[in-house]
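Chains, contacts and geometry: an overview
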Amino acid sequence: MEVSFLYAPICPFAQRTWILLKKLKVPFKEVIIELGKDNKEPWFLELNPLGKVPVLRVREAAAQKEAVIYESLVCNEYLNEVYAGNKLLPEYASQRALARILSTRVDSLVSVLFKLLKTNPEEDGARELLQEVRKQLQVIDDQVKLSEGPFLFGKSWTLADIAYIPFVERVSIVLSQFFKKDIRDLGLSYFNLWLDTWEKDPEYLETKLPLDRLLPVYKKYAHEGLLKRLE
Ligand SMILES: N[C@@H](CCC(=O)N[C@@H](CS)C(=O)NCC(=O)O)C(=O)O
């Protein structure tokens, strides 16, 4: 089985698959995609008509030809099926359904992240958005509490944990750099336990970019009131 992983290190969606490839020790060839350029090229669009990373190109021994997989959550389900014997989701079907629901609920955190960046920190709306961030992170807090942690479904991480971590990382950066707030000060103790556990995870840490590589990306989108706070 050969795997090529097409990604951009700054992309949080691709980071989900990057973490999992590393955790599962899947040998892969990495192909770095320059966003805005390579992903607009016909050869890339032929692989993924949506023009987005991550993309996996796989060649299974049993199948005759190459297959292409994209959409981070689908890539990770594929890797779970092929390389982890489906062990990266909880034991019971209803819990597996919940893990998939949580993975899709990350989208709400993504949208609040972009709203935060577009907001004027001096206006009332900013406070409401910060409340919304807390509400989205409370989803993690509630589930970790229920499972007794440190992960969403107990003692072992699942695909749902991996779906969240790259975005929590970015929310944490935006809160600390632009809003001068520590994500750990939201009063969500089970969420803090979850984050502390991830922040010691060696494979996740290998995919975590230094602040000076991530911050310029966020500065491009940020409201000028937020940029002033960096000065
Ligand atoms: N739903 C997709 C989203 C992937 C995505 O938005 N990737 C971004 C980079 S972070 C991308 O490739 N954007 C290319 C573009 O919009 O030109 C997934 O989960 O894989």
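Just so we're clear, the structure is a prediction, and the values are computed from it rather than from any experiment.

**Thoughts on the packing of aromatic side chains**
One pass over the structure, following the stated rule, counts ten aromatic pairs. Aromatic side chains Phe13 and Phe167 sit 4.9 Å apart centroid to centroid with 65 degrees between the ring planes, which places their arrangement in the edge-to-face category. Of this pair, Phe13 sits in helix H1 (residues 12–23) while Phe167 sits in helix H6 (residues 159–178), and the two are 154 residues apart along the sequence. Residue class for Phe13 comes out partly exposed when judged on its relative accessible area of 31%. Here the aromatic cluster, defined as three or more aromatic residues joined through ring pairs, consists of Phe151, Phe191, Trp194, Trp198 and Tyr204.

**Thoughts on the site of the ligand**
Surrounding the ligand, one finds Cys11, Pro12, Phe13, Leu35, Asn39, Lys40, Gly51, Lys52, Val53, Pro54, Glu71 and Ser72. At a separation of 2.9 Å, an oxygen atom of the ligand approaches a polar backbone atom of Val53. Look at the ligand: alone it shows 520 Å² of surface, and the protein chains cover 75% of it. Each residue belonging to the shell around the ligand can be placed in one class, and the counts come to six nonpolar, three polar and three charged.

**Some remarks on the nonpolar core**
Leu137, Tyr164, Val168 and Trp194 are the most contacted members of the largest nonpolar core, which has 76 residues in total. Counting only domains with at least three residues in this core, you end up with domain 1 (2–83) and domain 2 (93–230). If near-sequence neighbours (up to four positions away) are discounted, Leu137 is found in contact with Leu109, Val168, Ile183, Leu186, Leu188 and Phe191.

**Considerations on the environment of Tyr164**
Tracing the chain through its elements places Tyr164 in helix H6. Given the relative accessible area of 1%, Tyr164 is considered buried. Each C-alpha atom of the pair Tyr164 and Lys23 lies 16 Å from the other, and the pair is 141 residues apart in sequence. Look past the residues within four positions of Tyr164 in its chain and what remains in contact with it is Leu102, Arg105, Val106, Leu109, Gln136, Val139, Ile140, Leu152 and Trp194.

**Looking at unusual backbone geometry**
For the peptide bond that leads from Val53 to Pro54, omega is 5 degrees, which places it in the cis range. Mapped onto the elements of the fold, Pro54 is located in the loop between helix H2 (42–47) and strand S3 (55–59). Each neighbour pair has its own omega, and for Gly149 with Pro150 the value is 5 degrees, a cis peptide bond. Topologically, Pro150 is positioned in the loop between helix H5 (124–147) and H6. Backbone geometry at Lys180 places phi at a positive 55 degrees, although glycine is not the residue there.

**Some details on the sheet that holds strand S2 (residues 29–32)**
The sheet built from four strands is open, its strands ordered S2-S1-S3-S4 with mixed pairing. Of all the strands in the sheet, the pair left with one neighbour each is S2 and strand S4 (67–70). The average angle at which neighbouring strand axes cross in this sheet is 20 degrees, direction not considered. Sheet topology note: the strand S1 (residues 2–7)/S2 ladder contains four bridges and is parallel. Within S2, the position partnered with Phe5 by the bridge is Glu30. Here H1 sits on the sheet in contact with S1 and S3, set at roughly 145 degrees to S1. Sheet contacts for helix H3 (residues 72–83): S1, S3 and S4; angle to S4, the most-contacted strand, approximately 125 degrees.

**Overview of the environment of Ser4**
Relative to the assigned elements, Ser4 resides in strand S1. Judged by relative accessible area, Ser4 falls into the buried class, the value being 14%. Counting along the chain gives 200 residues from Ser4 to Tyr204, while the straight-line C-alpha distance between them is 19 Å.

**Considering helix H4 (residues 93–117)**
For H4, spanning 25 residues, the distance from its first C-alpha to its last is 37 Å, which sits close to the expected 36 Å at 1.5 Å a residue. Within the span of H4, buried status applies to Ala99, Leu102, Ser103, Val106, Leu109, Val110, Val112, Leu113, Leu116 and Leu117. Contact partners of the buried residues in H4: H1, H3, H5, H6, helix H9 (211–221) and helix H10 (224–230).

**Details of H3**
Here H3 spans 16 Å end to end across twelve residues, near enough to the 16 Å set by a 1.5 Å rise per residue. Turning to H3, its buried residues are Ser72, Cys75, Asn76, Tyr78, Leu79 and Asn80. Buried residues along H3 sit against H1, S3, S4 and H6. With its phi angle positive at about 55 degrees, Gly85 sits one or two positions after the end of H3.

Analysis parameters
Residues numbered from 1 in each chain as written. Predicted model: local features only at pLDDT ≥ 70, side-chain atom pairs only at ≥ 80, totals over all residues. Heavy atoms only, no water. Phe/Tyr/Trp six-rings, centres within 6.5 Å; stacked < 30°, edge-to-face > 60°. Helix = DSSP H or I, 4+ residues; strand = E, 2+ residues; numbered from the N terminus. Buried < 20%, exposed > 50% of the residue type's maximum accessible area, 1.4 Å probe, protein only. Near = heavy atom within 4 Å. Polar contact = N/O pair within 3.5 Å; in protein donor to acceptor, adjacent residues only side chain to side chain. Areas by Shrake-Rupley, 256 points an atom, 1.4 Å probe, with all protein chains shown as cover. Nonpolar A, V, L, I, M, F, W, Y, C, P; charged D, E, K, R; others polar. Core = buried A, V, L, I, M, F, W, Y, C linked by side-chain atoms within 4.5 Å. Domains from an automatic or database assignment. Contact = heavy atoms within 4.5 Å. Pairing = 2+ DSSP bridges. Axes fitted to C-alpha atoms, helices over the stretch in contact; angles between N-to-C directions. Expected span 1.5 Å × (residues − 1).

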